[in-house]
Amino acid sequence: MSTLAIAALPLSPELARDALGEPVEGEDTFETAFGLVRVEALADGIKLHLGLDFGDEPERFGLAVRIALGDAVDAIERVLVYPEVARPSATTYATLLEEIGDGGEWAIVASAEEAEAALEDDDEDDAPDLFGALQAMMGGGGLMGQVQAAMAGGAMAGGTNDLASLAQQLMGNADMRAAIQQMGEQLMKSGALEGLDPNGDVLAQAQRLAGQVAQEHPELLEDLGKRVGAANGAANDDEEEEP
């Protein structure tokens, strides 16, 4: 079982709460880009429960502190991080540092630029791989061949009939529709599908979006067509190798 990490900061509880925004639970638990944190007040500082494993690298703690508190930690170069099992009785920042002693480790607070870059990387990592998900759901079967045919048809030249027909077939499958809806919700949360009405007709909007992509970014469809062809060819090779 992991031991969670707590950061000690010479920052007033009031400033910390202002930086964290509205609490999501009680008065001291807040939502951040990396998860929930909890503020525990000292007389002249705070104990910030990070919700991270104490076994993580110190750089992760310094990054978490910057992401959570932003500009409020501009004047703080490093923070002491200790395991929650320590349970110090100190009520001031200085006595807390003395009580923890060698039981904790110091983490350099990340810069605002480092935090911004880390959040951008997380956004990219969280973006759903639509091609990979589609390929996995199709299992290299007949639907993959239909995608390949659609890519080689009118959609490649900017038309939408083949792609729209394929979309209709995909959306007619209950499992596929649920998976596509889930991926769509992730994309809408990320802002990638700005302007799409989540309460509107999903199929009609998917067809409109497909047509818009085909006309404005034919190179994307060309790349998808190549990837589909490669995936379909690999699946055929595997079938031929079977005894």
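Below is a summary of the structure that appears in this document. What you see is a predicted model, and the numbers here were worked out from it, not measured in a lab.

Observations concerning the overall build of the chain
Thinking step 1. Of the regular secondary structure elements, the chain holds 10 helices and six strands.
Thinking step 2. Counting only residues that meet the buried cut, the chain has 33% of its 243 residues in that class.
Thinking step 3. Across the chain, contacts joining residues at least 24 apart in sequence account for 65% of those joining residues at least 6 apart.
Thinking step 4. Accessible surface, the chain: about 14100 Å² in total, of which carbon and sulfur atoms supply 48%.

Some details on the environment of Arg78
Thinking step 1. Tracing the backbone shows Arg78 in strand β5 (residues 78-83).
Thinking step 2. Taking the relative accessible area as the measure of exposure, Arg78 reaches 43% and is therefore partly exposed.
Thinking step 3. With 71 residues separating them in the primary sequence, Arg78 and Ala7 have C-alpha atoms 9.9 Å apart.

Quick look at the sheet that holds strand β1 (residues 4-9)
Thinking step 1. Spatial ordering of the open sheet is given by β2-β3-β4-β1-β5-β6, a layout of six strands whose pairing is antiparallel. Each of the sheet's edge strands pairs with one partner strand only, and the pair in question is β2 (29-32) and β6 (105-108). Within the sheet, the average angular offset between the axes of one strand and its neighbour, ignoring direction, is 35°.
Thinking step 2. Where β5 and β6 come together, four bridges link them in antiparallel fashion. By the bridge assignment, Val79 is partnered in β6 with Ala107.
Thinking step 3. Sheet strands in contact with helix α1 (residues 13-20) are β2, β3 (35-41) and β4 (46-53), and its direction is about 160° off that of β3.

Some words on the nonpolar core
Thinking step 1. Within the largest apolar cluster, 24 residues are counted, with the highest numbers of intra-cluster contacts made by Leu9, Leu48, Val65, Leu69 and Val79.
Thinking step 2. The set of elements that each furnish at least two residues to this core consists of β1, α1, β3, β4, α2 (58-69) and β5.
Thinking step 3. Residue contributions to this core peak at five residues, all from α2.
Thinking step 4. Not counting residues up to four positions away in its chain, the partners in contact with Leu48 are Ala5, Ile6, Ala7, Leu9, Val37, Arg38, Val39 and Leu69.
Thinking step 5. In terms of nonpolar packing, the next biggest core, distinct from the first, is built from nine residues, Leu42, Tyr82, Leu96 and Ile100 among them.

So, the pattern of salt bridges
Thinking step 1. Enumeration according to the criterion identifies four salt bridges in this entry.
Thinking step 2. For Arg60, the salt bridge is made with Asp56, and the minimal N-O distance between the two is 3.0 Å.
Thinking step 3. A residue is classified by how much of its surface remains accessible, and Asp56, at 24% relative accessible area, is partly exposed.
Thinking step 4. The closest approach of N and O atoms between Asp74 and Arg66, which form a salt bridge, is 2.7 Å.

Let's talk about a negative patch on the surface
Thinking step 1. On the surface, Glu113, Glu114, Glu116, Glu120 and Asp121 cluster together into a negatively charged patch.
Thinking step 2. Of note, Glu120 is situated in helix α4 (residues 112-126).

Brief notes about the side chain of Thr29
Thinking step 1. Summarising the element assignment, Thr29 is placed in strand β2.
Thinking step 2. For Thr29, a relative accessible area of 12% puts it in the buried group.
Thinking step 3. Not counting residues up to four positions away in its chain, the partners in contact with Thr29 are Pro23, Val24, Leu36, Val37 and Arg38.

Brief notes about the side chain of Lys47
Thinking step 1. For Lys47, the location among the structural elements is in strand β4.
Thinking step 2. Residues in contact with Lys47, not counting those within four places in the same chain, are Ile6, Ala7, Arg38, Val39, Glu40, Leu42, Tyr82, Pro88 and Leu96.

Observations concerning unusual backbone geometry
Thinking step 1. Its identity as a non-glycine residue notwithstanding, Arg87 has a phi of 45°, on the positive side.
Thinking step 2. Here Arg87 shows up in the loop between β5 and α3 (93-100).
Thinking step 3. According to the relative accessible area criterion, Arg87 is exposed, its value standing at 66%.

Structural notes on α3
Thinking step 1. Here α3 has its buried residues at Tyr93, Leu96 and Ile100. Seen end-on, α3 carries its buried residues on one side only, within an arc spanning 55°. Exposed and facing more than 90 degrees away from the buried side of α3 are Ala94 and Glu98.
Thinking step 2. Here the buried face of α3 lies against β1, β4, β5 and β6.

What counts and how
- Residues numbered from 1 in each chain as written.
- Predicted model: local features only at pLDDT ≥ 70, side-chain atom pairs only at ≥ 80, totals over all residues.
- Heavy atoms only, no water.
- Helix = DSSP H or I, 4+ residues; strand = E, 2+ residues; numbered from the N terminus.
- Buried < 20%, exposed > 50% of the residue type's maximum accessible area, 1.4 Å probe, protein only.
- Contact = heavy atoms within 4.5 Å.
- Areas by Shrake-Rupley, 256 points an atom, 1.4 Å probe, with all protein chains shown as cover.
- Pairing = 2+ DSSP bridges.
- Axes fitted to C-alpha atoms, helices over the stretch in contact; angles between N-to-C directions.
- Core = buried A, V, L, I, M, F, W, Y, C linked by side-chain atoms within 4.5 Å.
- Salt bridge = Lys/Arg side-chain N within 4 Å of Asp/Glu carboxyl O.
- Patch = residues over 30% accessible without salt bridge, like charges linked within 9 Å, V, L, I, M, F, W, Y side chains within 5 Å.
- Lys, Arg positive; Asp, Glu negative; His and termini not counted.
- Charge placed at Lys NZ, Arg CZ, Asp CG, Glu CD.
- Arc of directions from axis to C-beta.

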